[in-house]
Amino acid sequence: MRVLVTGGMGYIGSHTCVQMIEAGMTPIIVDNLYNSKKTVLERIEKLTGVRPAFFEGDIRDRVFLDKVFRENDVESVIHFAGLKAVGESVAKPLEYYDNNVHGTLVLVEAMREAGVNSIIFSSSATVYGDPASVPILESFPTSATNPYGRSKLMVEECLTDIQHAHPQMSITLLRYFNPVGAHESGEMGEDPQGIPNNLMPFIAQVAVGRREFLSVFGDDYPTVDGTGVRDYIHVVDLADGHVAALTHKGKEAGLHIYNLGTGNGLSVLQMVEAFAKASEKAVPYQIAPRRPGDIAECWADPGKAKKELHWAASRTVDQMTQDTWRWQSQNPQGYPDSH
């Protein structure tokens with residue numbers, strides 16, 4: 001299966017490309033390199049023996065997209081390309097709506113023109129807002145507490161309406177929780193440009209000496225130790241979830257919605273402790289005020305994905321932290337710049 005992967009050079013996209021190649025699929029990558037580097041291609045090739053086709057460009061550029069579709073015989077799309085930081089979205093809502101919502105609409109227009117009827121969308125557990133209870137089921141009401149989550153929810157609503165209007169389309173919404181970890185080889189991992197917005201890369205950069213301390217946003221939540229509780233899922237498990245969705249739903253008309261998570265919640269301080277154990281490094285932290293838009297706890301009920309996609313997360317917290325540390329210690333400055 002030939003699959004266009006938007007944002008395929010990014011953290012989740014690159015790991016998914018590796019798992020797709022291992023499963024016999026052909027990823028065709030589109031990325032504007034806003035939050036990624038070209039050298040990711042070399043790592044994908046090193047791990048798989050295959051160098052995917054790569055087209056540098058923006059999903060909002062319709063002429064560019066039309067050319068990619070025209071020349072590559074695409075059968076399906078996995079759509080990762082998007083801005084993804086909660087805090088940044090509060091400061092820059094316009095950029096988030098333009099990139100995430102407008103970009104998706106341009107992409108679907110180009111798909112429709114090219115006769116491609118299958119898309120898997122990288123959504124987020126943020127679409128559940130502040131859930132009334134946990135674990136979270138796909139049937140729970142949706143809402144959003146920040147512009148990032150709202151942009152994901154808007155895209156979900158747009159895609160739902162599009163699928164209703166074009167019932168032959170297969171549209172899969174994957175709502176995932178908190179991706180962490182890295183490829184077990186240490187060759188690939190999370191390499192945010194600038195200050196990390198997510199917990200695990202920040203912890204890793206503190207442990208490797210790039211940053212002085214971790215800021216823990218809030219220690220007064222009604223949780224086990226006062227810090228936020230999340231469902232952390234290994235990025236390779238998450239990548240396998242995309243392969244499973246393509247395999248089982250990619251050619252089945254309809255709207256398909258799945259949570260991808262482990263079904264277990266861990267607090268920020270529990271993750272800090274696990275990482276310190278894996279790296280044998282102290283991770284100094286300071287308590288900071290809560291961030292706007294953050295919630296106390298959030299974890300998945302992944303039962304539907306297990307039943308319908310025959311997929312379940314299998315990697316442990318120890319594997320998540322060990323793999324992250326292997327990546328960060330072997331690549332203290334992240335991916336090298338292109339030569």
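Residues numbered from 1 in each chain as written. Predicted model: local features only at pLDDT ≥ 70, side-chain atom pairs only at ≥ 80, totals over all residues. Heavy atoms only, no water.

Per an unreviewed UniProt entry, the protein chain carries the name UDP-glucose 4-epimerase and comes from Photobacterium arenosum. Quoted verbatim from the Cofactor (unreviewed entry) heading of the UniProt record, the comment on the protein chain is "NAD(+)". The record held by UniProt for the protein chain lists under Sequence similarities (unreviewed entry) the comment "Belongs to the NAD(P)-dependent epimerase/dehydratase family." (UniProt positions renumbered as here; feature names shortened; annotations may be inferred.)

Enquirer: What am I meant to see in the sheet that holds strand β3 (residues 53-56) here?
Expert: By way of backbone hydrogen bonds, the strands of a sheet pair with one another, either parallel or antiparallel. The sheet built from seven strands is open, its strands ordered β3-β2-β1-β4-β5-β6-β11 with parallel pairing. Each end of this open sheet is capped by a strand with a single partner; those strands are β3 and β11 (254-260). The sheet shows a mean angle of 20° between the axes of neighbouring strands, direction not considered. In this sheet, strand β4 (residues 76-79) lies alongside strand β1 (residues 2-6) in parallel orientation, the contact comprising four bridges. Residue pairing in the sheet places T6 in a bridge with H79 of β4. (Pairing = 2+ DSSP bridges. Helix = DSSP H or I, 4+ residues; strand = E, 2+ residues; numbered from the N terminus. Axes fitted to C-alpha atoms, helices over the stretch in contact; angles between N-to-C directions.)

Enquirer: Honestly, the pairing of β3 in this entry has me stumped. Any pointers?
Expert: A regular strand places its side chains on the two faces of the sheet in alternate fashion. Pairing geometry for strand β2 (residues 26-31) and β3, over four bridges, is parallel. Within β3, the residue paired with I29 across the bridge is F54. At this point the chain moves from β2, through helix α2 (residues 40-48), to the parallel β3, and the crossover so formed is right-handed. (Right-handed = clockwise from strand over helix to strand, strands pointing away.)

Enquirer: Even after reading the chapter, I still don't get the nonpolar core, so can you show me in this structure?
Expert: Considering soluble globular proteins, one finds that nonpolar side chains tend to be buried as a cluster. M20 and I44 are the most contacted members of the largest nonpolar core, which totals 38 residues. Sorting the residues of this core by element identifies β1, α1 (11-22), α2, β6 (170-176), α8 (235-249), β11 and α10 (303-309) as the ones contributing at least two each. Of the residues forming this core, the biggest block, seven residues, is contributed by α8. Not counting residues up to four positions away in its chain, the partners in contact with M20 are V3, V5, M25, P27, I78, V243 and L246. Counting 27 residues, the second-largest nonpolar core is a separate cluster that includes V30, V74, I171 and L173. (Core = buried A, V, L, I, M, F, W, Y, C linked by side-chain atoms within 4.5 Å. Buried < 20%, exposed > 50% of the residue type's maximum accessible area, 1.4 Å probe, protein only. Contact = heavy atoms within 4.5 Å.)

Enquirer: So what exactly am I meant to see when it comes to the pattern of salt bridges here?
Expert: Where charged atoms from two side chains of opposite charge come close, those side chains can pair. By the definition in use, this model includes 20 salt bridges. Of the charged contacts, one joins E88 and K92 as a salt bridge, the two residues approaching to 4.0 Å between their closest N and O atoms. For E88, a relative accessible area of 24% puts it in the partly exposed group. Residue D237 is joined to R315 by a salt bridge in which the shortest nitrogen-to-oxygen separation is 2.5 Å. (Salt bridge = Lys/Arg side-chain N within 4 Å of Asp/Glu carboxyl O.)

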